[in-house]
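Report on the structure
Chain by chain, the residues:
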Amino acid sequence: MIDHRTLRVALLGAGSVGSQVARLLLEHADELEGRAGARLELVGIAVRNVDAQRDVELPHELFTTDAHELIVGSDIVIELMGGIEPARTHILDALQSGADVITGNKALLATHGAEIFDAADQVGASVSYEAAVAAAIPILRPLKDSLAGDFVTRIFGIVNGTTNYILDRMDTEGADFAEVLADAQMLGYAEADPTADVEGYDAAQKAAILASLAFHTNVPLEAVHCEGISSIGADAIENAKKAGYVIKLLATCERLPAENGEDAAISVRVYPALIKRDHPLASVHGGNNAVYVEAAAAGPLMFYGAGAGGVQTASAILGDVVSAARRHIAGGVGVGESARGTQPIADIGRITTRYQITLDVTDEQGVLATVATILNEGGVSIATLEQTAVETNDGESRARLVIGTHRAREQALSATTERLAESGVVERVVTVLRVEGE
Ligand code: HSE
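Numbers given to residues run from 1 along each chain, matching the order in which its sequence is written. Thresholds applied to this predicted model are a pLDDT of at least 70 for local features of residues and 80 or more for the giving and counting of side-chain atom pairs; totals over whole chains, interfaces and linings are not thresholded and use all residues. Hydrogen atoms and water are omitted, and side-chain values are computed over all heavy atoms in the structure.

Residues are counted as near a molecule or strand when any one of their heavy atoms sits within 4 Å of it. With respect to spatial proximity, the complete set of residues near the ligand consists of Lys-106, Asn-160, Gly-161, Thr-162, Asp-197, Asp-202 and Lys-206. Here a polar contact means two N or O atoms within 3.5 Å. Within protein one must be a hydrogen donor candidate and the other an acceptor candidate, and residues neighboring in sequence count only if both atoms are side-chain atoms. Between the ligand and Lys-106 there is a distance of 3.1 Å, counted from an oxygen atom to a side-chain nitrogen or oxygen. Within the contact set of the ligand, an oxygen atom lies 3.3 Å away from a side-chain nitrogen or oxygen of Asp-202.

Structural data, given as structure tokens:
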């Protein structure tokens, strides 16, 4: 039913996503009115420079530099400025004035989410942020609504397209990290400063958001264990391949059961991990994203698609705008977050996975026995072992050992790796990678 009302929509920011959101709001106004139940009137776009070049041609009279004036009196405020301030203040002002807020700002939500959700609760408004994780892929609403009656046990997400692009090319071309990164930067797949992507920080922010929704608890960004992909070389990719695996930067969110006198807890972590080449996530190529969810009743579910891009991300924003408009028409308070609990978050030492350990060792009698003894004494059981001779030009005999382990606790594994490094027979611990999805 159309209400014949008009809802005032304010847009903050007109970058690659914001300009596409404005375009879609204007071009599809009639269609969106039918879906939302009210006319969605784009009343203004707040930017720093009204004359800047945009990706899309938009009516000049919509632009303003006065975000505050635009916000006050709007029914729906879309924040696409990015960064912490002034985005945080504008969102709090919007909520205070009774507007529903839509944002794609994962950095802000991962650091100030609790403050923003509390402010929304106090006034009965809603905050929606589907675009903050995996852009076009609908994953937050399924976790928040569709799976609200189920019990999510684990999530594996490829939630950073830049690193997936790099690792995928390393896997197909056998190229080294630095080489592919430089090419990715030249082609525009990686930023000039790629730190946030390659060191896993972007994925960690998304993991905090995913885990908060999946486990109905508050996961602060500091609680997310984070390792990037800059130390992954062509040889690590090759060793993984030989053993039947592919390396992906995974955001893993997992419930850990109560055991050995420890309470149940959740683990949220980002690191490059090995997954079997026949796992559904192994087929995620290029800059795509995918989130694999395991739920007690639903079983495994996979969400796949574009994890970045202006118009793709705008799709997620528009979906939130239509939902917010429907809520405005129906009345009543915004749908509260169920992510406000405070479940304990486990230290990385508590997780249990299989591992692939790559060591350079001196090639002498008894070395393998020493390595096997240290692993055995550390409670780490060997599942597979491959030894190859390493060519040297110093006359010394060296070998490379690639050891696949059975499941072991991270605490035990890292203590064992330290003992191996200090054993006198190991020249270099080349890589220690976790195996996920088994
Ligand atoms: N830089 C991100 C990525 C996209 O490479 O996936 C925005 O979150």
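Resuming the write-up.
Okay, the domain arrangement of the protein chain next. Per the domain assignment, the segments of the protein chain are domain 1 (5-133 + 311-330), domain 2 (140-306) and domain 3 (351-435). As used throughout, domain bounds are those supplied by an automatic or database domain assignment. Here the C-alpha centroids of domain 1 and domain 2 sit 28 Å apart. With 14 residues of domain 1 at the contact, the number on the domain 2 side is 13 residues. Once two parts are joined, some of their accessible surface, as seen by a 1.4 Å probe, is lost; buried area is that loss totalled over both. Buried surface at the junction of domain 1 and domain 2, summed over both partners, amounts to about 1200 Å²; 66% is from carbon and sulfur atoms. The three residues of domain 1 that bury the most area against domain 2 are Lys-106, Ala-110 and Val-133, which together make up 47% of that side's buried surface. Pairs of residues are marked as contacts when any of their non-hydrogen atoms sit within 4.5 Å.

A separate point is unusual backbone geometry. With an omega dihedral of 5°, the bond running from Glu-85 to Pro-86 counts as a cis peptide bond. Strands are runs of DSSP state E lasting at least 2 residues, helices are runs of H or I lasting at least 4, and numbering of each runs from the N terminus. Following the sequence through the fold, Pro-86 ends up in the loop between strand 4 (76-79) and helix 4 (87-96). Look at Ala-135: it is not a glycine, yet its phi comes out positive at around 40°. When you line up the elements, Ala-135 lands in the loop between strand 6 (127-128) and helix 6 (140-146). Of note, the phi angle at His-216 is positive, near 55°, even though the residue is not glycine. Structurally, His-216 is set in the loop between helix 10 (201-215) and strand 8 (225-226).

Attention now moves to the pattern of salt bridges. Criterion for a salt bridge: a side-chain nitrogen of Lys or Arg within 4 Å of a carboxyl oxygen of Asp or Glu. Within this structure, the stated rule accounts for 28 salt bridges. Note that Arg-154 and Glu-254 form a salt bridge whose closest N and O atoms lie 3.7 Å from each other. Note that Arg-154 is positioned in strand 7 (residues 152-158) and Glu-254 in strand 9 (residues 245-256), a separation of 100 residues in sequence. Here Arg-154 matches Glu-254 in class, with each residue buried. Residues Arg-400 and Asp-360 are paired through a salt bridge, measuring 2.8 Å at the closest nitrogen-oxygen approach. Taken together, the residues span a long stretch of sequence, with Arg-400 in strand 15 (residues 398-405) and Asp-360 in strand 13 (residues 352-362) at a distance of 40 residues. Burial classes follow relative accessibility: with a 1.4 Å probe on protein chains only, a residue under 20% of its type's maximum area counts as buried, one over 50% as exposed, and anything between as partly exposed.

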